[in-house]
Amino acid sequence: MKITSQYAQSILDKTSQILKYNINIMDHMGVIVGSGDSKRLNSFHSGAAEVLKTGKALEITVHEAEKMEGAKPGVNLPIYLNEKIIGVVGITGDPNEVRPFGELLKISVETMLQQVMLTEQLRMEQNARELYIRDLIEGNFSESEDFFITKGSILGFDMTIPRVAVVIKLYGLSEKAYTRGAVLEKEAAGRALGLKLQKKREQILDLIKNAFHGGANIISYSAGSNYVIFFDIKKKSPGEIKPALTFPLETIRSKLNKYNISCLTGVGLFHPGLTGLKKSYDEAVQVVQIGEK
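Fair warning: this is a prediction, and the values are worked out from it, not measured in the lab.

Scoring rules and cut-offs
- Residues numbered from 1 in each chain as written.
- Predicted model: local features only at pLDDT ≥ 70, side-chain atom pairs only at ≥ 80, totals over all residues.
- Heavy atoms only, no water.
- Buried < 20%, exposed > 50% of the residue type's maximum accessible area, 1.4 Å probe, protein only.
- Helix = DSSP H or I, 4+ residues; strand = E, 2+ residues; numbered from the N terminus.
- Arc of directions from axis to C-beta.
- Contact = heavy atoms within 4.5 Å.
- Pairing = 2+ DSSP bridges.
- Axes fitted to C-alpha atoms, helices over the stretch in contact; angles between N-to-C directions.
- Core = buried A, V, L, I, M, F, W, Y, C linked by side-chain atoms within 4.5 Å.
- 1 Å grid on protein atoms, 1.4 Å probe; cavity = no way out; pocket = protein on both sides within 12 Å on 5 of 7 lines; lining within 4 Å.
- Points joined across faces, edges and corners; volume = space filled by probe spheres on them.
- Nonpolar A, V, L, I, M, F, W, Y, C, P; charged D, E, K, R; others polar.

Enquirer: Even after reading the chapter, I still don't get helix α1 (residues 5–15), so can you show me in this structure?
Expert: The periodicity of an α-helix, 3.6 residues per turn, causes residues three or four positions apart to be oriented the same way. Residues of α1 that are buried: Ala8, Ile11, Leu12 and Thr15. Taken end-on, α1 shows its buried residues confined to a sector of 100°, consistent with a single buried face. The elements touched by buried residues of α1 are β1 (23–26), β2 (32–35) and α4 (95–138).

Enquirer: What exactly am I supposed to notice about the sheet that holds strand β8 (residues 226–232) here?
Expert: Backbone-to-backbone hydrogen bonds pair the strands of a sheet. The strands run either parallel or antiparallel. Pairing is antiparallel across the open sheet formed by four strands, whose spatial order is β7-β8-β6-β9. Edge positions in the sheet fall to β7 (218–221) and β9 (262–267), since each of these pairs with one other strand and no more. For this sheet, the mean angle separating the axes of adjacent strands, direction not counted, is 15°. Note that strand β6 (residues 163–171) and β8 share seven bridges and pair antiparallel. Each residue of the ladder has a partner; that of Ala165, found in β8, is Phe230.

Enquirer: Mind showing me how you'd approach the nonpolar core here?
Expert: Within the largest apolar cluster, 24 residues are counted, with the highest numbers of intra-cluster contacts made by Ile168, Leu170, Ile208 and Phe212. Of all the secondary-structure elements, those providing two or more residues to this core are β6, α7 (186–211), β8 and α8 (238–257). The greatest single-element share of this core, amounting to six residues, is contributed by α7. If sequence neighbours within four positions are ignored, Leu170 has contacts with Ile204, Ser225, Tyr227, Leu256, Ile261, Ser262 and Cys263. In this structure, Leu19, Val33, Val98 and Leu105 belong to the second largest nonpolar core, which totals 21 residues.

Enquirer: Teacher, can you tell me more about empty space enclosed by the protein here?
Expert: Over the atoms, a rolled probe matching the size of one water molecule traces out where space is still vacant. For the coordinates displayed, the defined rule picks out one cavity of 30 Å³ or more. Of the pockets and cavities examined, the largest cavity occupies roughly 50 Å³. Lining the largest cavity are Asn24, Arg40, His45, Lys72, Pro73, Gly74, Val75, Asn76, Gly90, Ile91 and Thr92. If you list the elements that add at least two residues to the lining of the largest cavity, you get β4 (74–81) and β5 (84–92). In terms of residue class, the lining of the largest cavity is built from three nonpolar, six polar and two charged.

Enquirer: Is there a simple way to think about unusual backbone geometry in this case?
Expert: Glycine aside, residues mostly have negative phi, and peptide bonds are mostly found in the trans state. With a phi angle near 55°, Asn82 is a residue other than glycine that sits in the positive phi range. The residue Asn82 is located in the loop between β4 and β5 in this model. Take Asn82: its relative accessible area is 55%, and that puts it in the exposed class. Positive phi, close to 65°, is recorded for Glu83, a residue that is not glycine.

Enquirer: Is there a simple way to think about the layout of surface pockets in this case?
Expert: Its boundaries defined by the atoms lining it, the largest pocket holds a volume of some 340 Å³. Taken together, 15 residues form the lining of the largest pocket, with Glu130, Gln198, Leu205, Ser220 and Tyr221 sitting closest to its centre. The set of elements that each furnish at least two residues to the lining of the largest pocket consists of α4, α7 and β7. Per element, the largest residue contribution to the lining of the largest pocket is six residues, and it comes from α7. Partitioned by chemical class, the residues of the lining of the largest pocket number five nonpolar, three polar and seven charged. One number sums up the size of the second largest pocket: a volume of about 190 Å³. In terms of lining residues, the second largest pocket is bounded by 15 residues, among which Arg129, Phe157, Asn217, Ile218 and Ile219 are the most central. Only α4 and β7 provide two or more residues apiece to the lining of the second largest pocket.

Enquirer: Before we go on, may I ask you to explain the environment of Pro95 in this structure?
Expert: By secondary structure assignment, the location of Pro95 is in helix α4. For Pro95, a relative accessible area of 7% translates into the label buried. Between the alpha carbons of Pro95 and Pro73 there is a distance of 7.0 Å; along the sequence they are 22 residues apart. The residues touching Pro95, leaving out its near neighbours within four places in the chain, are Glu59, Ile60, Thr61, Gly74 and Val75.

Structural data, given as C-alpha cells:
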C-alpha cells in the first residue's frame, strides 16, 4: 500500500485537531504528500529519506535543518504497515518539545492507515463479488464452469447449492433522489444526486439482505434499479419455495412503500447447474417485463 495525498490529508485532518504542531506525512520516496503547511507539499524531505533508509526515528535540530534539503526542526518516525516501512510521519518543532508526541502520532497514523487498508480490501472484495454475479447473470462462464465454481468458492459462494433466481425492480427511486438536488447548481446537483442514489441503493440492498437472512442466498444490486437474489432451495421441496419467498418479498414491498418506492418481483424456476441458474434469472426478468406490460 502506498500513502497517497488523499490518505495523508484525511489523516492530517484528524490528527491536527489533537496536536497543535505542524504535521508532515512523507511517502515511500520521501516526498511530502500531506502537510499542515501547503507550501511544503510535493517537496523532497531528506530527513524522511534517511528514516526510510535506516528504519529508525530521526530528530532534526535547528542547526541540522539548515544543512538538509526540505527539512525543518522536528522529529521524524517511520510508518510501518504489515512490518514494512511505507512512509514517514514528522512533527515540526523543537525536538525537546515535540518528542513526547512522536510515538503517539506514529501509532495513530499506523492505526488509521490499517483501517484504510482494510476498508480498501473490503471494497475490492465487494467489487469482485459483484463482478462475479454480473458474469453469472450474463453467462460469462461457458468455457470453464469448473473454474467459475472454484472462483466463486474463493469469493465465499458455494455454487453447487441449488437456487432459483428472484429479480426485484424498483420504481420511484430516481425521482425520490431529485427532491433536494433540483435546487443546486447543475453540476453540483449531478454529484449530489449520484451520491444520494448510491446511498439509497445501498440502504435498499441492506433491507433486502435483512429480509433474506439465513441460508446460502446470494444477493446483489444488478443494474438500473434491479436487485437479484439467488435463493437457496437446498432444504425445500418444490411446493415450499413459493411460501418461503412470500414473507421476505412482502416485507420488502411494505418497507419500500414507506419511501414511496414501488417494486415488481419475478421468480424463475429451478434448473440445475450454472447454465440453469442463468436460465432461472432470465425467466425472472421475463416475469418482471410481463408484469410491466
